[in-house]
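Each chain, written out:
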Amino acid sequence: MADPKDRFGTRCVHAGQSPEAATGAITTPIFQTSTYVQDGVGRHKGYEYARLQNPTREAAEANIAALEGGAHGIAFASGLAAIECLVKVVAAGGHIVSEENLYGGAVRMFTRVLNRLGIEVTLVDTRDPGALRRAIRPGETLLVYLETPTNPLMRVTDIAAAARIAHGAGALLCVDNTFASPYNQRPLELGADVVVHSTTKYLNGHSDVLGGILVLDDGALAGEVHFVRKSTGPVPGPMDSWLTLRGTKTLHVRMPRHNENGMRVAEFLQDHPAVRTVHYPGLLSHPDHDLAGRQMRGFSGMLSAELAAGDAKRLAEGTRIFRLAESLGGVESMVCIPSLMTHASVPEPERLRMGITDGLARFSVGIEDGADLVEDLDRALRSGRRTRNRRTSPALTGG
Ligand SMILES: *Cc1c(COP(=O)(O)O)cnc(C)c1O
């Protein structure tokens with residue numbers, strides 16, 4: 001078992017896991033069972049039924065809780081299931097103030113599902129403390145919810161400042177830490193009450209699992225989340241829990257390469273004549289670069305770039321190594337067009353107001369060789385250029 005004083009990489013490999021009791025197996029087994037045989041009526045080993053308890057799931061939960069520096073990890077069948085459970089526990093019948101530039105599926109839940117549960121959501125730009133304060137309704141707002149960096153524009157919100165504002169109004173702060181991963185950013189240490197992850201992304205890291213988790217310190221709140229999870233059922237299966245645990249063991253080895261390749265691709269795109277803007281907190285040109293440098297250890301492999309609409313689509317369809325796909329955080333590089341893919345469910349006027357145009361391409365930079373990734377993008381941008389009349393496409397000329 002890990003010691004709480006262990007450093008991050010040691011926690012990745014060991015936290016939450018001891019050799020299996022019966023055989024000494026070094027790897028936590030996949031307890032692929034729905035129920036557990038009891039010694040007598042009401043006498044059991046702490047395991048009754050798989051919706052309530054599963055040792056593989058519990059190992060993954062303890063491991064990820066340790067990575068976020070939190071006391072409790074509670075895993076779910078998907079990231080959205082984790083978010084839904086949290087809002088049911090902390091915001092039923094109340095009001096939520098949320099960052100507006102969220103994962104598209106979260107926007108859809110907040111605007112089209114929570115209203116059916118009597119939960120009202122106000123979307124704001126949480127980078128602006130004044131806007132956040134104005135949106136909070138004292139006594140009514142129960143939760144402030146944000147992502148940082150955001151999807152897909154990589155906006156950065158000051159977590160410590162948002163925590164002070166939320167707590168001043170008696171609300172909890174939840175931070176979606178999916179884009180940064182706990183290697184790069186630990187919101188609980190900055191004052192957040194709850195961290196949520198789509199473990200589908202960096203934590204699992206191999207594009208073969210769908211999952212989510214909530215990490216928090218408050219024991220009473222964790223008890224409520226456990227109660228609602230067992231009473232509603234959105235638990236991950238043992239195989240998915242095991243794959244997630246296998247993924248987190250190398251998080252500290254994968255993330256530095258994601259960070260390095262992310263920076264390399266961001267710098268390449270920033271210098272390319274077909275690219276208008278690159279959104280990456282690691283660039284000096286990012287409006288919140290200083291803040292990101294203070295609250296993050298690295299900037300991950302997530303970035304987006306603004307091109308002419310046709311160029312973005314051609315780029316996304318023309319790469320060989322970057323795969324055209326939704327999702328992110330896997331070892332393999334991926335590219336997508338948020339307006340047509342991940343954010344297609346956000347109404348167009350909303351999308352455009354936030355800056356999610358058809359020319360925005362989002363990249364999840366993997367852990368391949370960085371030189372190959374840059375060459376891949378360079379080639380795709382060049383082949384687009386050949387098919388166009390240079391004189392009518394000034395964005396593609398020069399350089
Ligand atoms: C993918 C994602 C989610 C949703 O997670 P699922 O596992 O797909 O349900 C939530 N937040 C962010 C930032 C994501 O990238």
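Scoring rules and cut-offs
- Residues numbered from 1 in each chain as written.
- Predicted model: local features only at pLDDT ≥ 70, side-chain atom pairs only at ≥ 80, totals over all residues.
- Heavy atoms only, no water.
- Core = buried A, V, L, I, M, F, W, Y, C linked by side-chain atoms within 4.5 Å.
- Buried < 20%, exposed > 50% of the residue type's maximum accessible area, 1.4 Å probe, protein only.
- Helix = DSSP H or I, 4+ residues; strand = E, 2+ residues; numbered from the N terminus.
- Contact = heavy atoms within 4.5 Å.
- Salt bridge = Lys/Arg side-chain N within 4 Å of Asp/Glu carboxyl O.
- Pairing = 2+ DSSP bridges.
- Axes fitted to C-alpha atoms, helices over the stretch in contact; angles between N-to-C directions.
- Near = heavy atom within 4 Å.
- Polar contact = N/O pair within 3.5 Å; in protein donor to acceptor, adjacent residues only side chain to side chain.
- Areas by Shrake-Rupley, 256 points an atom, 1.4 Å probe, with all protein chains shown as cover.
- Nonpolar A, V, L, I, M, F, W, Y, C, P; charged D, E, K, R; others polar.
- Left-handed = near helix turned anticlockwise from the far one by under 90°.
- Right-handed = clockwise from strand over helix to strand, strands pointing away.
- Arc of directions from axis to C-beta.
- Lys, Arg positive; Asp, Glu negative; His and termini not counted.
- pLDDT = per-residue confidence, 0-100.

Asks: Got a minute to help me understand the nonpolar core in this structure?
Replies: Counting residues in each nonpolar core, the largest one holds 35 residues, and the members touching the most others are Phe76, Val87, Ile96, Phe110, Leu143, Tyr145 and Leu214. Breaking this core down by element, the ones donating at least two residues are strand 1 (72-76), helix 3 (79-91), helix 4 (104-112), strand 4 (141-147), strand 6 (194-198), strand 7 (212-216) and helix 8 (219-232). Ranked by residues supplied to this core, first place goes to helix 3 with nine residues. With residues up to four places along the chain from it excluded, the contact list for Leu143 reads Leu86, Val87, Val90, Ala91, His95, Ile96, Val97, Ala171, Leu172 and Cys174. Grouped together as the second largest cluster of nonpolar side chains are 33 residues, Leu269, Tyr280, Ala292 and Leu381 included.

Asks: Even after reading the chapter, I still don't get the pattern of salt bridges, so can you show me in this structure?
Replies: Oppositely charged side chains can form a pair if their charged atoms are brought close together. Summed over the entire model, instances satisfying the criterion amount to 16 salt bridges. A salt bridge links Glu99 to Arg155; the shortest N-O distance between them is 3.3 Å. Placement of the pair is Glu99 in strand 2 (residues 95-99) and Arg155 in the loop between strand 4 and helix 6 (159-168), with a sequence separation of 56 residues. We note a salt bridge from Lys313 to Glu317, for which the minimum N-O separation is 3.6 Å. Of this pair, Lys313 and Glu317 both sit in helix 12 (residues 309-318), four residues apart, roughly one helical turn.

Asks: Can you help me understand the sheet that holds strand 11 (residues 334-336) in this one?
Replies: Each strand in a sheet pairs with its neighbour through backbone hydrogen bonds, running either in the same direction (parallel) or in the opposite one (antiparallel). Pairing in this open sheet of five strands is mixed, and the strands run 8-9-12-11-10 from one edge to the other. Taken across any chain shown, the strands that pair with only one partner, and hence form the sheet edges, are strand 8 (277-279) and strand 10 (323-324). Pairing of strand 9 (residues 302-306) with strand 12 (residues 360-364) involves five bridges; the strand directions are antiparallel. By the bridge assignment for strand 12, Glu306 is matched with Leu360. In the packing of helix 10 (residues 251-270) onto the sheet, contacts are made with strand 8, strand 9 and strand 12, and the angle to strand 9 comes to roughly 10 degrees.

Asks: Hey, could you run me through the site of the ligand in this one?
Replies: Taken together, 14 residues lie near the ligand, and Gly79, Asp176, Ser198, Thr200 and Lys201 sit nearest. At a separation of 2.9 Å, an oxygen atom of the ligand approaches a polar backbone atom of Gly79. Here an oxygen atom of the ligand sits 2.8 Å away from a polar atom, N or O, in the side chain of Ser198. When the ligand sits alone it has 380 Å² of accessible area, and the protein chains cover 95% of it. A class-by-class count of the residues in the shell around the ligand yields five nonpolar, six polar and three charged.

Asks: Looking at this structure, how should I read the packing of helix 2 (residues 55-68) against helix 9 (residues 238-248)?
Replies: When two helices pack together, their arrangement is captured by the angle between the axes and the distance separating the axes. Between helix 2 and helix 9, whose axes approach to 8 Å, the crossing angle comes to 35 degrees. In this structure, helix 2 crosses over helix 9, and the sense of that crossing is left-handed. Here Thr56, Arg57, Ala59, Ala60, Asn63, Ile64 and Leu67 of helix 2 lie close against helix 9, whose contacting residues are Pro238, Ser241, Trp242, Thr244, Leu245 and Thr248. Each residue belonging to the contact of helix 2 with helix 9 can be placed in one class, and the counts come to seven nonpolar, five polar and one charged.

Asks: Please explain the pairing of strand 9 as it appears in this structure.
Replies: The side chains of a regular strand alternate, first on one face of the sheet and then on the other. Counting buried residues along strand 9, five of its five residues qualify, which places the element largely inside the surrounding structure. Two elements, strand 8 and strand 9, share three bridges in a ladder whose sense is antiparallel. Bridge pairing in strand 9 links Thr277 to Glu306.

Asks: In this structure, what is going on with the pairing of strand 5 (residues 172-176)? I would like to understand it.
Replies: Of all five residues making up strand 5, four are buried, and the element is well covered by its neighbours. Where strand 4 lies against strand 5, five bridges are found, and the strand directions are parallel. Considered in strand 5, the bridge of Tyr145 is made with Cys174. Of the crossover connections in this fold, the one passing from strand 4 over helix 6 to the parallel strand 5 is right-handed. Direction of pairing for strand 5 relative to strand 6: parallel, over a ladder of three bridges.

Asks: Would you mind going over the sheet that holds strand 5 with me for this structure?
Replies: Ordered by their spatial adjacency, seven strands build an open sheet running 1-7-6-5-4-2-3, and the pairing between neighbours is mixed. Edge strands, defined here as strands with exactly one partner in the open sheet, are strand 1 and strand 3 (120-124). Direction aside, neighbouring strands of the sheet carry axes that sit 20 degrees apart on average. Sheet analysis places strand 2 next to strand 4, joined by four bridges and oriented parallel. Residue Ile96 lies in a different strand from strand 4, and its bridge partner there is Leu143. Along the sheet, helix 3 contacts strand 1, strand 2, strand 4, strand 5, strand 6 and strand 7; its crossing angle with strand 4, the most-contacted strand, is approximately 160 degrees.

Asks: Please explain helix 12 as it appears in this structure.
Replies: When we look at burial in helix 12, the residues that qualify are Asp311, Ala312, Leu315 and Ala316. Down the axis of helix 12, the buried set is contained in an arc of 130 degrees. They therefore lie on one face.

Asks: What exactly am I supposed to notice about the side chain of Arg362 here?
Replies: Structurally, Arg362 is set in strand 12. Despite its burial, Arg362 pairs with no opposite charge, the nearest such side chain being Glu326 at 7.1 Å. Among the polar contacts listed, one links the side chain of Arg362 to the side chain of Asn151, at a separation of 3.0 Å. There is a polar contact of 3.2 Å between the side chain of Arg362 and the backbone oxygen of Ser327.

Asks: Mind showing me how you'd approach the confidence of the model for the chain here?
Replies: Caution applies to low-pLDDT parts of the model: their predicted coordinates are not meant to be read in detail. Mean pLDDT for the chain: 94, with 95% of residues reaching 70 or above. The element-level mean pLDDT for the chain is lowest in helix 13 (residues 348-354), coming to 86, with strand 7 highest at 99. Contacts of residues 386-399 to residues separated by more than four positions or lying in other chains number 18 contacts, the stretch itself having pLDDT below 50.

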